[in-house]
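Summary of the model geometry
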Amino acid sequence: MALFLFFFLFYKVKTSIISNVYCIKEKRGIEMYKIVSKETLNSAVELMEIEAPFVANKCEAGQFIIVRVDEDGERVPLTIADYDREKKTVTIIYQVVGYSTELLSKKKVGEYVEDFVGPLGMPAPLHKCDHVVGVAGGVGAAPLYPQLRKLHEMGVKVDVIIGGRSAEFVILKEKFEEFCDNVYIATDDGSLGTKGFVTTVLQELIDKGEKIDEVISIGPLIMMKNVVNVTKPLDIPTAVSLNPVMIDGTGMCGGCRVTVGGETKFACVDGPDFDGFLVDFDECMKRQGMFKEEEHECRLKNAQ
Ligand code: NAD
Ligand code: FES
């Protein structure tokens, strides 16, 4: 009986926190979150601008949302790529990689998504300094964009290195060009910019004597780990953004557990941005691979 009461109370408190304390689910009738524009960025990545007044009003660079496409849909965490407080819209950029992102991808302009919960996580810790270099890998350019734009607005000189497997996978180049002093491109196959990884370009900049106060790196874990391998010996502070498996997004399930500076942190509430020098990337990569089988099974089941 006591156990039953405990779980009942836990469920109630959790539900209440999610729906009330965060005050972030602005559902008033099911047609709240209207898709106002949609763009295909490449064969794997799409952009969607969604009407979400509360999130648009409150969110800051570095935070994320959880979207549910329909009533039975799973909760998909996605970083905020942009927001417009006047238009009351939030822009998300997502890779069409699984059942839920495929469902999202099928939605058309003028249609609605069921839930759009946020802003979640901590705003990115952005500091006023002389020169920041952003390093983006693939779709990681999306969460990096609002951070670098904010730094530019703070008067910081901002450069960006964008990496992609080939020219097609380099996203937001023109958007970064609007405010970055220098936009460097690296492609794995050399079809655009430097042939090589983003770390090749970063190392070249450092070798040329570029004075860099901070680096912000967002992309695949192995990329962020290798960026830190370049910056740590030179003591260039480096922020990274982690996106481990997330379930509730409110610090309760433990799914997004990461080790930072020897301490357990939850990316959804303590991050997603962390000091790259302190992140245990090897553990993150191991945990990221843990659910591959379940993800595959879920995809097959949902596709039936
Ligand atoms: P990708 O695997 O195509 O890699 C993009 C670029 O990263 C490459 O072109 C290269 O320049 C660099 N890179 C890759 N491997 C590297 C290595 N070993 N050393 C140095 N640089 C390397 O990227 P993708 O398929 O677009 O995947 C993007 C990743 O970003 C996903 O894994 C996603 O989970 C992650 N992501 C993170 C966040 C976040 O907030 N942390 C947000 C969105 C996406
Ligand atoms: Fe559950 Fe972070 S997603 S604790």
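Our subject is the structure that appears above.
Rules and cut-offs
Residues numbered from 1 in each chain as written. Chains lettered and ligands numbered in written order. Predicted model: local features only at pLDDT ≥ 70, side-chain atom pairs only at ≥ 80, totals over all residues. Helix = DSSP H or I, 4+ residues; strand = E, 2+ residues; numbered from the N terminus. Buried ≥ 20, exposed ≤ 12 C-beta atoms within 10 Å, placed from the backbone. Contact = placed C-beta atoms within 7 Å. Pairing = 2+ DSSP bridges. Axes fitted to C-alpha atoms, helices over the stretch in contact; angles between N-to-C directions. Parallel < 35°, antiparallel > 145°, perpendicular 65-115°, else oblique. Nonpolar A, V, L, I, M, F, W, Y, C, P; charged D, E, K, R; others polar. Left-handed = near helix turned anticlockwise from the far one by under 90°. Near = placed C-beta within 6 Å. Domains from an automatic or database assignment.

1. Notes on the overall build of the protein
- On a plain count of helices and strands, the protein comes out with 10 helices and 16 strands.
- By residue count, 40% of the 304 residues in the protein fall in the buried class.
- The contacts in the protein between residues at least 6 apart in sequence include a share of 65% that link residues at least 24 apart.

2. What to know about the pairing of strand β9 (residues 157-164)
- Across the 8 residues of β9, 7 count as buried, placing the element largely inside the fold.
- Direction of pairing for strand β8 (residues 131-137) relative to β9: parallel, over a ladder of 7 bridges. Among the inter-strand pairings, glycine 134 is bridged to a residue of β9, identified as valine 160.
- Pairing geometry for β9 and strand β10 (residues 182-187), over 6 bridges, is parallel. For isoleucine 162, the partnering residue across the bridge sits in β10 and is isoleucine 185.

3. Describing the packing of helix α7 (residues 221-231) against helix α9 (residues 281-289)
- As a packed pair, α7 and α9 sit with axes 10 Å apart at the nearest point and diverge in direction by 175°. Considering the angle they form, α7 stands roughly antiparallel to α9. On α9, the residues touching Leu221, Ile222, Met224 and Lys225 of α7 are Phe281, Cys284, Met285 and Gln288.
- Of the residues in the contact of α7 with α9, the class split is 6 nonpolar, 1 polar and 1 charged.

4. Concerning the pairing of strand β4 (residues 76-84)
- Within β4, 8 of the 9 residues are buried, which leaves the element mostly enclosed by the surrounding structure.
- Inspection of the sheet shows strand β3 (residues 64-68) paired to β4 by 4 bridges, in the antiparallel sense. Bridge pairing in β4 places valine 67 opposite valine 76.
- Bridging between β4 and strand β5 (residues 89-95) involves 4 bridges; their strand directions are antiparallel. In the sheet register, isoleucine 80 faces β5, and the bridge partner there is isoleucine 92.

5. Observations concerning the packing of helix α6 (residues 198-207) against α7
- The N-to-C vectors of α6 and α7 enclose an angle of 15°; their axes lie 10 Å apart at closest approach. Taken as axis vectors, α6 and α7 run roughly parallel relative to one another. Between α6 and α7 the crossing geometry is right-handed. For the pair formed by α6 and α7, the contact residues are Val198, Thr199, Leu202 and Gln203 on the first element and Met223, Asn226, Val227 and Val230 on the second.
- Of the residues belonging to the contact of α6 with α7, the class tally is 5 nonpolar, 3 polar and no charged.

6. Re the site of ligand 1
- Surrounding ligand 1, one finds 25 residues, the nearest of these being Gly137, Gly138, Gly163, Phe197 and Ser241.
- Those elements giving two or more residues to the shell around ligand 1 turn out to be β9, α6 and α7.
- With 3 residues, the single largest contributor to the shell around ligand 1 is α7.
- Per-class residue counts for the shell around ligand 1 are 12 nonpolar, 11 polar and 2 charged.
- Shared between two domains, the shell around ligand 1 holds at least three residues of each, these being domain 2 (124-241) and domain 3 (242-304).

7. Looking at the sheet that holds strand β6 (residues 112-113)
- The 7 strands lie next to each other as β6-β1-β2-β5-β4-β3-β7, forming an open sheet whose pairing is antiparallel. Looking at which strands have only one partner, the edges of the open sheet turn out to be β6 and β7 (115-120).
- The sheet contact formed by β3 and β7 spans 4 bridges and is antiparallel. Within β7, the residue paired with phenylalanine 64 across the bridge is leucine 120.
- Against the sheet, helix α4 (residues 141-153) touches β4 and β5, its axis set at about 35° to β4.

Function cannot be inferred from these measures alone, as they are strictly geometric.
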